[in-house]
Amino acid sequence: MKEAVHISGVPLPGPDLQELLVRVARGDQDAFAAVYDAVSRPVLGLVRSVLRDPAQSEEVAQEVLVEVWRSAPRYQPSRGSAMNWVLTLAHHRAVDRVRSAEAAAAREHKAALLERTPAFDEVTEQVESRLEREQVRRCLRTLSELQRESVTLAYYRGLTYREVSELLSVPLGTIKTRLRDGLIRLRDCLGVSA
């Protein structure tokens with residue numbers, strides 16, 4: 001059994017962290033208690049340095065330790081020390097929490113912007129529609145009787161040019177000319193650009 005090397009230079013009695021993780025992977029609760037004692041402070045310190053919020057840091061540290069219990073079988077000693085593996089889990093979890101908080105803040109900001117968007121105003125729409133209809137009626141009164149009659153039949157009654165021609169007993173070419181001239185005058189009266 002290897003002895004763990006510590007900054008103080010004093011080895012801790014008992015198995016090292018790597019061996020403890022191997023035992024945790026087999027479901028050994030006593031080994032997990034020893035892992036917990038060995039890593040809980042460094043995990044909390046790392047998480048707190050990322051999150052800066054003590055309450056959230058404690059919550060994330062707890063999540064990390066639960067993850068250590070669940071994912072101990074995935075630990076591979078050939079890829080690094082046990083402490084580095086645990087601290088990597090802690091760092092990833094803390095960064096995920098920061099990103100999640102930022103995403104939530106962005107969603108709340110978007111929702112607030114949507115709430116500030118003016119709601120559809122039915123009364124305003126009705127007034128605008130009424131004003132537009134009145135302007136069209138006023139402009140229709142500026143057309144000659146023949147133009148107004150042709151435009152009304154074609155656009156308000158839905159008749160084709162040929163049907164307007166037959167109904168008024170006027171050649172088709174004349175109806176097309178009346179409609180074209182009438183629509184040009186309406187466009188100019190309404191101020192619509194071509």
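Residue numbers restart at each chain and count upward from 1, following the sequence in its written direction. Reporting in this predicted model follows two pLDDT cut-offs: at least 70 for local features of residues, and 80 or more for side-chain atom pairs to be given and counted; totals over whole chains, interfaces and linings ignore these cut-offs and use all residues. Heavy atoms from the whole structure form the basis of all side-chain values; hydrogens and water molecules are not counted.

## Brief notes about the overall build of the protein chain
Moving on, step 1. Think of it this way: any DSSP run of H or I at least four residues long counts as a helix, any run of E at least two long counts as a strand, and we number them from the N terminus. A tally of helices and strands in the protein chain yields eight helices and zero strands.
Moving on, step 2. Moving toward the C terminus, one meets the helices and strands of the protein chain in the order α-α-α-α-α-α-α-α.
Moving on, step 3. Throughout, the radius of gyration refers to the C-alpha atoms, and the reference size of a globule is 2.2 Å times the residue count to the power 0.38. Here the C-alpha atoms of the protein chain give a radius of gyration of 40 Å, more than 25% beyond the 16 Å that 2.2 N^0.38 yields for 194 residues.
Moving on, step 4. When the backbone C-alpha atoms are referred to their principal axes, the protein chain occupies close to 115 × 30 × 25 Å.
Moving on, step 5. For the exposure calls, accessible area comes from a 1.4 Å probe over protein chains only, and a residue counts as buried if that area is under 20% of its type's maximum, exposed if over 50%, partly exposed in between. Within the protein chain, the fraction of its 194 residues that count as buried is 24%.
Moving on, step 6. A contact between two residues is defined here by any heavy atoms of the two lying within 4.5 Å. Across the protein chain, the fraction of contacts at a sequence separation of at least 24, relative to all contacts at a separation of at least 6, is 52%.
Moving on, step 7. Positive and negative charge centroids in the protein chain, built from 28 and 27 side chains respectively, lie 7 Å apart. In this tally, Asp and Glu contribute negative charge and Lys and Arg positive charge; neither His nor the terminal groups of the chain are included. By convention, charge coordinates are those of NZ in Lys, CZ in Arg, CG in Asp, or CD in Glu.

## Regarding the environment of Asp96
Moving on, step 1. As for its position among the elements, Asp96 is in helix H4 (residues 82-116).
Moving on, step 2. In this structure Asp96 comes out as partly exposed when scored by relative accessible area, which is 44%.
Moving on, step 3. Sequence separation between Asp96 and Val60 is 36 residues; the distance between their C-alpha atoms is 9.8 Å.

## Remarks on the environment of Gln29
Moving on, step 1. Tracing the backbone shows Gln29 in helix H2 (residues 29-51).
Moving on, step 2. Separated by 107 residues in the primary sequence, Gln29 and Val136 place their C-alpha atoms 84 Å from one another.

## Re the packing of aromatic side chains
Moving on, step 1. Only rings of Phe, Tyr and Trp enter the pairing, Trp through its six-membered ring, and a pair is recorded when the two centres are within 6.5 Å. The plane angle decides the type: under 30 degrees is stacked, over 60 is edge-to-face, the rest tilted. Scanning the model with the defined rule gives two aromatic pairs in all.
Moving on, step 2. An angle of 70° between the planes, with centres 5.3 Å apart, marks the rings of Phe32 and Trp69 as edge-to-face. Within this pair, whereas Phe32 is found in helix H2, its partner Trp69 is found in helix H3 (residues 54-71), the two being separated by 37 residues in sequence.
Moving on, step 3. Relative to Trp85, the ring of Tyr75 lies with its centre 5.4 Å away and its plane at 55°, an arrangement referred to as tilted. Here Tyr75, found in the loop between H3 and H4, pairs with Trp85, found in helix H4; they are ten residues apart in sequence, far enough to count as distant. For the pair formed by Tyr75 and Trp85, the shared burial category is buried.

## Topic: H4
Moving on, step 1. Expected span, for any helix, means 1.5 Å times one less than how many residues it has. Taking 1.5 Å as the rise per residue, H4 with 35 residues should run 51 Å; its terminal C-alpha atoms sit 51 Å apart, in good agreement.
Moving on, step 2. Among the residues making up H4, those that are buried are Ala82, Trp85, Val86, Leu89, Ala90, Ala94, Val95 and Arg97.
Moving on, step 3. Buried residues in H4 make contact with helix H1 (17-25), H2 and H3.

## Examining a negative patch on the surface
Moving on, step 1. Exposure above 30% relative accessible area and the absence of a salt bridge qualify a residue for a patch, where like charges join within 9 Å and nonpolar side chains (Val, Leu, Ile, Met, Phe, Trp, Tyr) within 5 Å. Computed with the Shrake-Rupley method and a 1.4 Å probe, the accessible areas treat only the protein chains shown as cover for residues. Whenever Lys or Arg places a side-chain nitrogen within 4 Å of a carboxyl oxygen from Asp or Glu, that contact is recorded as a salt bridge. The grouping of Asp121, Glu122, Glu125, Glu128 and Glu132 at the surface amounts to a negative patch.
Moving on, step 2. Here Glu125 shows up in helix H5 (residues 122-141).
Moving on, step 3. Residue Glu125 is classed as partly exposed on the basis of its relative accessible area of 39%.

## As for the nonpolar core
Moving on, step 1. By size, the foremost hydrophobic cluster in this structure holds 24 residues, and its most contacted members are Leu21, Val35, Val43 and Val68.
Moving on, step 2. Among the elements of the structure, H1, H2, H3 and H4 are those that each provide at least two residues to this core.
Moving on, step 3. Ranked by residues supplied to this core, first place goes to H2 with seven residues.
Moving on, step 4. Once residues lying within four places of it in the same chain are set aside, the contact partners of Val35 are Leu17, Leu20, Leu21, Val24 and Val68.
Moving on, step 5. Counting eleven residues, the second largest nonpolar core, distinct from the first, contains Leu140, Leu143, Leu153 and Ala154. We call a set of buried residues a nonpolar core when its members are Ala, Val, Leu, Ile, Met, Phe, Trp, Tyr or Cys and they connect through side-chain atoms within 4.5 Å of each other.

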